[in-house]
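A closer look at the structure
Chain by chain, the residues:
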Amino acid sequence: MGRKKTKANTRNGRKKTSIFKDVRFKVTIGLVLTGFSVLLFLAFISYLFTWKIDQSFEWQKVFSNPDFRVDNWSGKVGAWFANLFLNKWFGIASFSVPFLFMLTGLKLMNVKILPLGRTITIALLSTILLSVWMGYLFSHAGGFLGSGPGGRHGLYLSDWLRAFSGNIGTLFILLIVTFALIIFSFQNSFSTIISFLKSLTSPISHMFEEKTSSQQRQEKSAEVSDNDEDNDLVFETEFPSREKQGLSVSVKSGEDKKPEEDVELTVAQPGENGDDEEDLPDYDQLEDYDPTLDLPHFQMPPLEMLAKHDSDNPNVTNEELVTNKNKIVETLSNYKIQIDKIKATIGPTVTLYEIVPAPGVRISKIKSLEDDIALSLAALGIRIIAPMPGKGTIGIEVPNQNPETVSIRSVLSSRKFQECNYDLAVALGKTISNETYVFDLARMPHLLVAGATGQGKSVGLNCIITSLLYKKHPSQLKFVLIDPKKVELNLYSKLEKHYLAKIPDAEEAIITDTHKVIYTLNSLTIEMDQRYDLLKKAGVRNIKEYNHKFIKRNLNPEKGHRYLPYIVVIVDEFADLIMTAGKEVETPLARLAQLARAIGIHLVIATQRPTTNIITGVIKANFPARIAFRVTSMIDSRTILDASGANQLIGRGDMLFAPGSDMTRLQCAFIDIPEIESITDFISFQQGFPTALYLPEYVEETTTDMSEVDLSKKDSLFFEAARLVVLHQQGSTSLIQRKFSIGYNRAGRIMDQLEAAGIVGAPDGSKPRQVFFSDEYSLEQYLNTLNT
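Since the model is a prediction, treat every value here as computed from it, not as a measurement.

1. Things to note about the overall build of the protein chain
Along the backbone of the protein chain there are 27 helices and 15 strands. Of the roughly 40600 Å² of accessible surface on the protein chain, 55% is carried by carbon and sulfur atoms.

2. Side note on unusual backbone geometry
In this structure, Pro-445 follows Met-444 across a cis peptide bond, with omega equal to 0°. Along the chain, Pro-445 falls in the loop between strand E6 (436–440) and strand E7 (447–450).

3. A closer look at the packing of aromatic side chains
Under the counting rule described, the total for this entry stands at 19 aromatic pairs. Measuring from ring centre to ring centre gives 6.1 Å for Phe-41 and Phe-95, while their planes differ by 75°; the resulting arrangement is edge-to-face. In this pair, Phe-41 is assigned in helix H2 (residues 23–55) and Phe-95 in the loop between helix H4 (75–89) and helix H5 (96–108), connecting sequence segments 54 residues apart. Here Tyr-519 and Tyr-698 contribute two aromatic rings whose centre-to-centre distance is 5.8 Å and whose plane-to-plane angle is 50°, an arrangement assigned as tilted. Of this pair, Tyr-519 sits in helix H17 (residues 514–538) while Tyr-698 sits in the loop between strand E15 (693–694) and helix H24 (718–728), placing them 179 residues apart in sequence.

4. Describing the sheet that holds strand E2 (residues 350–357)
Reading across the sheet, the four strands line up as E1-E2-E4-E3 and stay open at both edges, with antiparallel pairing between neighbours. Sheet topology places strand E1 (339–346) and strand E3 (383–385) at the edges, where each strand pairs with a single neighbour. Averaged over all pairs of adjacent strands, the angle between their axes in this sheet comes to 20°, without regard to strand direction. Taken strand by strand, helix H11 (residues 318–334) contacts E1, E2 and strand E4 (394–399), and its axis lies near 40° from that of E2.

5. Comments concerning the pattern of salt bridges
In this structure the tally under the stated criterion is 23 salt bridges. The closest approach of N and O atoms between Arg-665 and Glu-397, which form a salt bridge, is 2.4 Å. With Arg-665 in strand E14 (residues 664–668) and Glu-397 in strand E4, the pair connects residues that are 268 residues apart, well separated along the chain. Owing to a relative accessible area of 6%, Arg-665 belongs among the buried residues under this scheme. Where Arg-665 meets Asp-654, a salt bridge forms, and the shortest distance between an N and an O atom there is 2.6 Å. Separated by eleven residues along the polypeptide, Arg-665 in strand E14 and Asp-654 in strand E13 (residues 654–658) bring together distant segments of the chain. Here Arg-665 matches Asp-654 in class, with each residue buried.

6. As for H5
The end-to-end C-alpha separation of H5 is 19 Å, in line with the 18 Å expected for 13 residues at 1.5 Å each. Of the residues making up H5, those classed as buried are Ser-96, Val-97, Pro-98, Leu-100, Leu-103, Gly-105 and Leu-106. Backbone geometry just after H5 places Asn-110 at a positive phi near 65°.

7. Regarding the packing of H17 against helix H20 (residues 583–595)
Following both chains from N to C, one finds H17 and H20 inclined at 25°, their axes separated by 9 Å at the closest point. Our classification of the angle between H17 and H20 gives roughly parallel. Crossing geometry of H17 relative to H20 is assigned as left-handed. For the pair H17 and H20, the contacting residues are Ile-518, Leu-521, Asn-522, Leu-524, Thr-525, Met-528, Asp-529 and Tyr-532 in the first and Glu-584, Val-585, Pro-588, Leu-589, Arg-591, Leu-592 and Leu-595 in the second. Of the residues belonging to the contact of H17 with H20, the class tally is ten nonpolar, two polar and three charged.

8. So, the sheet that holds strand E10 (residues 566–571)
Strand order in this open sheet of nine strands is E6-E5-E14-E13-E12-E7-E11-E10-E8, and the pairing throughout is mixed. Of all strands in the sheet, those bounded by a partner on one side alone are E6 and strand E8 (477–482). Neighbour-to-neighbour, the strand axes of this sheet turn through a mean angle of 30°, independent of strand direction. Pairing analysis gives five bridges linking E10 to strand E11 (residues 601–607), with the strands arranged parallel. Of the residues in E11, the one forming a bridge with Ile-567 is Ile-601. Sitting on the sheet, helix H16 (residues 457–469) is in contact with strand E5 (425–431), E7, E8, E10, E11, strand E12 (625–629) and E14, with an inclination near 130° to E5.

9. Some details on the nonpolar core
Counting residues in hydrophobic clusters, the biggest one holds 111 residues, and the most contacted among them are Leu-447 and Phe-479. Per-element tally for this core: the top contributor is H17, with eight residues. Not counting residues within four places of it along the chain, the set of residues in contact with Phe-479 comprises Ile-465, Leu-468, Leu-469, Tyr-499, Leu-500, Ala-501, Val-568 and Ile-570.

10. Digging into the packing of H11 against helix H13 (residues 370–377)
The relative placement of two packed helices comes down to the angle between their axes together with the axis-to-axis distance. Contact geometry of H11 with H13 gives a least axis separation of 10 Å together with a crossing angle of 135°. On the basis of their axis angle, the class for H11 and H13 is oblique. Crossing handedness for the pair H11 and H13: right-handed. Along the contact surface, H11 presents Asn-324, Lys-327, Ile-328, Thr-331 and Leu-332, while H13 presents Asp-372, Ile-373, Ser-376 and Leu-377. Classifying every residue of the contact of H11 with H13 by side-chain character gives four nonpolar, three polar and two charged.

11. Considering helix H18 (residues 543–551)
Along H18, the residues that are buried comprise Ile-543, Tyr-546, Asn-547, Lys-549 and Phe-550. Projected onto a plane normal to the axis of H18, the buried residues spread over an arc of 155° and lie on a single side. Taken together, the buried residues of H18 touch H17 and E10. Put simply, Asn-542 is the residue that caps the front of H18, since its side-chain oxygen is 3.2 Å from the backbone nitrogen of Lys-544. Once H18 ends, the next one or two residues include Arg-553, with phi positive near 60°.

12. Quick notes on the confidence of the model for the protein chain
Of all residues in the protein chain, 79% have pLDDT values of 70 or greater, and the mean over the chain is 78. Predicted confidence for residues 202–279 stays below pLDDT 50, and this span has 88 contacts to residues more than four positions away or in other chains.

13. Here's the deal with the pairing of E6
Most of E6 is tucked away: five of the five residues are buried. Looking at chain direction, E5 and E6 are connected through five bridges and run antiparallel. Residue pairing in the sheet places Ala-425 in a bridge with Asp-440 of E6. Hairpin remark: E5 followed by E6, antiparallel, with four residues in the connecting loop; positive phi at Asn-434, about 70°.

14. Things to note about the state of the cysteines
Per the stated rule, a full pass over the model turns up zero disulfides. Cys-668 supplies the cysteine sulfur nearest to Cys-463, a cysteine that is in no disulfide, at a spacing of 4.0 Å.

15. With respect to a nonpolar patch on the surface
On the surface, a cluster of nonpolar side chains totalling about 560 Å² of accessible area is made up of Val-38, Phe-41, Leu-42, Phe-49 and Trp-73. Mapped onto the fold, Trp-73 is located in the loop between helix H3 (59–64) and H4. Judged by relative accessible area, which is 55%, Trp-73 ranks as exposed.

16. Quick word on the environment of Lys-494
With respect to the helices, strands and loops of the structure, Lys-494 is situated in the loop between E8 and strand E9 (501–502). Given a relative accessible area of 39%, Lys-494 falls into the partly exposed group. Measuring from C-alpha to C-alpha, the distance between Lys-494 and Asp-681 comes to 7.3 Å, with 187 residues separating the pair along the chain. Within the local environment of Lys-494, its side chain forms a polar contact with the side chain of Asp-681, the two groups lying 2.5 Å apart.

The rules behind each value
- Residues numbered from 1 in each chain as written.
- Predicted model: local features only at pLDDT ≥ 70, side-chain atom pairs only at ≥ 80, totals over all residues.
- Heavy atoms only, no water.
- Helix = DSSP H or I, 4+ residues; strand = E, 2+ residues; numbered from the N terminus.
- Areas by Shrake-Rupley, 256 points an atom, 1.4 Å probe, with all protein chains shown as cover.
- Phe/Tyr/Trp six-rings, centres within 6.5 Å; stacked < 30°, edge-to-face > 60°.
- Pairing = 2+ DSSP bridges.
- Axes fitted to C-alpha atoms, helices over the stretch in contact; angles between N-to-C directions.
- Contact = heavy atoms within 4.5 Å.
- Salt bridge = Lys/Arg side-chain N within 4 Å of Asp/Glu carboxyl O.
- Buried < 20%, exposed > 50% of the residue type's maximum accessible area, 1.4 Å probe, protein only.
- Expected span 1.5 Å × (residues − 1).
- Parallel < 35°, antiparallel > 145°, perpendicular 65-115°, else oblique.
- Left-handed = near helix turned anticlockwise from the far one by under 90°.
- Nonpolar A, V, L, I, M, F, W, Y, C, P; charged D, E, K, R; others polar.
- Core = buried A, V, L, I, M, F, W, Y, C linked by side-chain atoms within 4.5 Å.
- Arc of directions from axis to C-beta.
- Polar contact = N/O pair within 3.5 Å; in protein donor to acceptor, adjacent residues only side chain to side chain.
- pLDDT = per-residue confidence, 0-100.
- Disulfide = S-S within 2.5 Å.
- Patch = residues over 30% accessible without salt bridge, like charges linked within 9 Å, V, L, I, M, F, W, Y side chains within 5 Å.

Set out below in structure tokens:
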């Protein structure tokens, strides 16, 4: 009985998706509009030959009489629409209407021919203007199509303009409006017309300009040819940011990329304009920026590579339900507590028995019988919820005799996960009512995971990572994986060139060294500050608004704007970091937790020692969302959740999730090591980025005594490094390291020598070093003085 109610409740509890977001609905409407456009076009063509007959009908009688026949190819409906558009409205200019219906239908079916909004605007304006032109030119055409080629609209407006400004004035008005529409409609049309007029009036000047521009192109080509290596360096440096999509560039790599249309750029000099949304390239003819085009052939892992494990149906028999119900009623009656009603809801590992006590029974009295009920049922993990939130009942959670294994495949393939539109969707497992539980990590915004050893904490982290891998493209999401134990997260090292981010001098993508952890967390705070600067310049409040502006091409990449991927920081065994590094880890972590939500950096930290010296007040205050697996004591439960309950769980993935004030009991989905290996292999075999995403360079706040730097023992790469930083106008140790493929320590020594030589300035926190030379010529003169 309880099982049937549970299934019914599950079906009724599903959220209904809006029909207007359904792909099938869009395709159906697209097919209808496309078919209607063909019908309308045939009706218009036929009307050119049958207009005299089609106009002579009384349309009310035509539609009411089924035996009445018309000559139009599209029947009565086609004849009526053709008469409406070609006779009463816009004349032959109405042929734009079937075209617009066709374009809209194809757009709904995801077939893009032209920009829809701009095309509709231009087509409607052109239809009105052409109708007036036809009315003006053929006002005495003898009534072709009934009202002339321009229809009644064109005839009426042209007659009104003649009466207002005469024939000559009307001609000038129409010419001016036509010229204005052409300028509005076509890119660079104004400059093309001016150039054409100049070529007609000044052929000699035109030839001279052409010759001059040809010489300039040859000089520029020669300059580029002499500096091929430098050009490659510039492009390679800018590639990780990938903000210049849409520009025509040449890539010297093994893969072929198809550049889009050439775009005429107008780049403002510094100080000319402070508004980031002005002096942009003309992107009207380009589609929205798509970050996924950096890896256009990337495919998400198929669900079929995930194991089903055990059956996803509860293994609770009616006999077990009845026995537990009778024992609960009997135990309560022994203490003279009567109940009016009891209902069972079957979950994967726990069954919830909801009881309605008789009037006058105190809730605290039932709550105090927790141990007695556990004794009578001979079961561990009995938990009493008194009262149930939002219900007038008391809940008693009893573990099932044969608990079910919830596979990761069952939750990822669920309709709830597949159709959710969260920014960072995570499918944790199933609730006590056997429903898939999905939450948005971006709204949490940070997550604290704790539990005793072997209770499912590592599996929970794997579920979080796997959920995000199945939802986000590599260009939209990056992980920073910190694993002091060196073995838990090592499986994801294969994803370095797809999903991982790291500091420039890190040899491995999975961060295991404590000093590297400190550098990485501080580097993330620099990235956070840089992102906030971008949000300020763009005039937005969060990463979602910023990326929307960038996708719509309202932000200029030439001014440093770039698409910002989400960054999820996973820290396993946080206790080990606190014990070895203490405040050096806690301080940047707390700063990230306080400020990083708006710019898309989210933290997930896990520990198996949930004590107050590990999970401090600073950490708890900034991690409102918490997951508790089974712990050994009520004190640990209160440390994690500020409430008891985690000590009464049964283990093996049984957990309490508290996104806020309320707690939900879940059975965490299970994913095995071979499944993770299959996913990482599938992703790593696909084309990735050249490197992991490099985080900003972090320089410790320790100053080097420049008097100790001996310039007589300059590094062999000193002069090349000097030219590099001047060329890029960027004093960065990581830049030198990447370009010359050297270690971070050697690159740091070269940077110290450049500072001692007066080529770059001292480090200034998160800002790049100042470069004191603006061009290579002045640098070469200065370097010659160093050689003498």
